[in-house]
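A structural walkthrough
Here is how the chains run, residue by residue.
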Amino acid sequence: MASSAATRAAASTAKVVKPILSRDLDEAKRRVRELYRAWYREVPNTVSLFQLDITTRQGRDKVKEMFDKNKHVTDPRVIDMLVIKGKMELQETINVWKQKTHVMRYFYETEEPRPTDFLSKFYRGHDP
Amino acid sequence: MAARVLQQCVRSLARPSLRLSSGHLAVRAAAAPLATVHRPLSFAADSRRTRWLGQSRIPSVGVLCRQYGDLPPLTLETIKDRVMYVLKLYDKINPEKLQTSSHFMKDLGLDSLDQVEIIMAMEDEFGFEIPDAEAEKLMSPEEIVQYIADKKDVYE
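What comes next is a walk through the structure. (Residues numbered from 1 in each chain as written. Chains lettered and ligands numbered in written order. Predicted model: local features only at pLDDT ≥ 70, side-chain atom pairs only at ≥ 80, totals over all residues. Heavy atoms only, no water.)

To continue, consider the overall build of chain A. In terms of helices and strands, chain A carries 6 helices and 0 strands. Traced from its N-terminal end to its C-terminal end, chain A shows the element sequence α-α-α-α-α-α. Evaluated residue by residue, chain A yields a buried proportion of 25% over its 128 residues. Considering only residue pairs separated by 6 or more positions, chain A has 67% of its internal contacts joining residues 24 or more positions apart. (Helix = DSSP H or I, 4+ residues; strand = E, 2+ residues; numbered from the N terminus. Buried < 20%, exposed > 50% of the residue type's maximum accessible area, 1.4 Å probe, protein only. Contact = heavy atoms within 4.5 Å.)

Laid out in structure tokens, this is it:
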């Protein structure tokens, strides 16, 4: 009885952690939007600088896709960390510290998706 | 549009240039040209020059008129037309369903990143930066028109 009450009390008190860059979710979302703007404006320069064989439209769709992959995140610290990593990628792309192959790595899938239906799992060797 | 401004400039100068040869300095000073054109200071020299050449000749425009390049003044109508034109070009929006008051997220089904793209297109169209704190609140074409009118001092 006493232990369950203590766990309930511990669960109800919110854990206050030190923020990385932004204090709440709105500020984190603002940073995400700024990063998206910077990437959106950078894509045509990247396509011409690295002499990529893709169109600007394809590049921008890929940027949108990478941002949509993390759409579900709600923790501001995680969002901040992702924004920091995105900014690092942007800096490397702008200053041509990357090469063509590094930029094209976004376009090719390197990992196979995990199987979901029974037969694929069976062939792979997982138990259903 | 610049050609139209130039034509008006030439026309307004052609009128005082005919009066130049008759030598009415006061009339010419009163017949002020468009606000964008500045008058040269040497009135007397010009009147003497054109009296030699006769009434029919209109002097070259560069002699009497200083021409500045500028865009035509913005009105609410032109802002609205330009905003709707840019939105119709955006491929994720269905142009039939687009109204002035349609909400981007609720009516047109766009994402927050799509809204960022739209605001960036507006920045490129009108040529001034829209900070993100205010850009996140603009959710329909009407609000965008109001915001641009506020920033550019367009009178309602």
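This part takes up the overall build of chain B. Within chain B, the regular secondary structure consists of 8 helices and 0 strands. Helices (α) and strands (β) of chain B occur, in sequence order from the N terminus, as α-α-α-α-α-α-α-α. When burial is assessed residue by residue, chain B has 35% of its 156 residues classed as buried. Counting contacts in chain B only where the partners sit at least 6 residues apart, residues at least 24 apart contribute 58% of the total.

A few words on the interface of chain B and chain A. Contacts between the two partners involve 16 residues from chain B and, on the opposite side, 12 residues from chain A. When residues of chain B are sorted by the area they lose upon contact with chain A, L113, M120 and D132 of chain B head the list and together hold 43% of the total. In this assembly, chain B and chain A are joined by 10 salt bridges. The salt bridge partner of R37 of chain A is E123 of chain B, with a shortest N-O separation of 2.6 Å. Inspection of the chain B/chain A interface yields 9 residue pairs in polar contact (both at pLDDT 80 or more). At the level of elements, α6 (112-126) and α7 (132-135) of chain B are the ones that each hand at least two residues to the side of chain B that touches chain A. Class assignment of the residues belonging to the side of chain B that touches chain A gives a composition of 7 nonpolar, no polar and 9 charged. (Buried area = accessible area lost by both parts, 1.4 Å probe. Salt bridge = Lys/Arg side-chain N within 4 Å of Asp/Glu carboxyl O. Polar contact = N/O pair within 3.5 Å; in protein donor to acceptor, adjacent residues only side chain to side chain. Nonpolar A, V, L, I, M, F, W, Y, C, P; charged D, E, K, R; others polar.)

What follows concerns the nonpolar core. Residues I79, V83, L87, I93, I118, M122 and I144 of chain B are the most contacted members of the largest nonpolar core, which totals 25 residues. Contributing elements (two or more residues each) for this core: α5 (76-89), α6 and α8 (141-152) of chain B. Beyond its immediate chain neighbours, meaning those up to four positions away, I144 of chain B contacts V83, F104, I118, I119, M122 and L138 of chain B. Within the second largest apolar cluster, 17 residues are counted, among which are Y36, W39 and L52 of chain A together with V116 of chain B. (Core = buried A, V, L, I, M, F, W, Y, C linked by side-chain atoms within 4.5 Å.)

So, about the packing of α5 of chain B against α6 of chain B. All names here are of chain B. The interhelical angle for the contact between α5 and α6, taken along N-to-C directions, is 130°, at an axis separation of 10 Å. Looking at the two axes, α5 sits oblique to α6. For α5 against α6, the interelement crossing comes out right-handed. Note on element contacts: α6 touches α5 through I118, A121, M122, E125 and F126, opposite I79, R82, V83, V86 and L87. Looking at side-chain class alone, the contact of α5 with α6 contains 8 nonpolar, no polar and 2 charged residues. (Axes fitted to C-alpha atoms, helices over the stretch in contact; angles between N-to-C directions. Parallel < 35°, antiparallel > 145°, perpendicular 65-115°, else oblique. Left-handed = near helix turned anticlockwise from the far one by under 90°.)

This paragraph deals with unusual backbone geometry. Unlike most non-glycine residues, V96 of chain A shows phi in positive territory, near 55°. Within the fold, V96 of chain A resides in the loop between α4 (76-94) and α5 (100-104). A relative accessible area of 40% places V96 of chain A in the partly exposed class. The backbone phi angle of D153 of chain B is positive, close to 55°, even though this residue is not glycine. When you line up the elements, D153 of chain B lands in the segment after α8.

Taking 1.5 Å as the rise per residue, helix α3 (residues 56-69) of chain A with 14 residues should run 20 Å; its terminal C-alpha atoms sit 20 Å apart, in good agreement. Summarising the contacts, the buried residues of α3 of chain A are in contact with α2 (25-49) of chain A together with α6 of chain B. (Expected span 1.5 Å × (residues − 1).)

What follows covers the side chain of T46 of chain A. Residue and element names in this part refer to chain A. With respect to the secondary-structure elements, T46 resides in helix α2. Owing to a relative accessible area of 6%, T46 belongs among the buried residues under this scheme. Look past the residues within four positions of T46 in its chain and what remains in contact with it is Q51, L52, T93 and V103.

A separate point is the environment of F126 of chain B. Residues and elements named next belong to chain B. For F126, the location among the structural elements is in helix α6. The exposure class of F126 is buried, given its relative accessible area of 9%. Not counting residues up to four positions away in its chain, the partners in contact with F126 are I79, R82, V83, I148 and K152.

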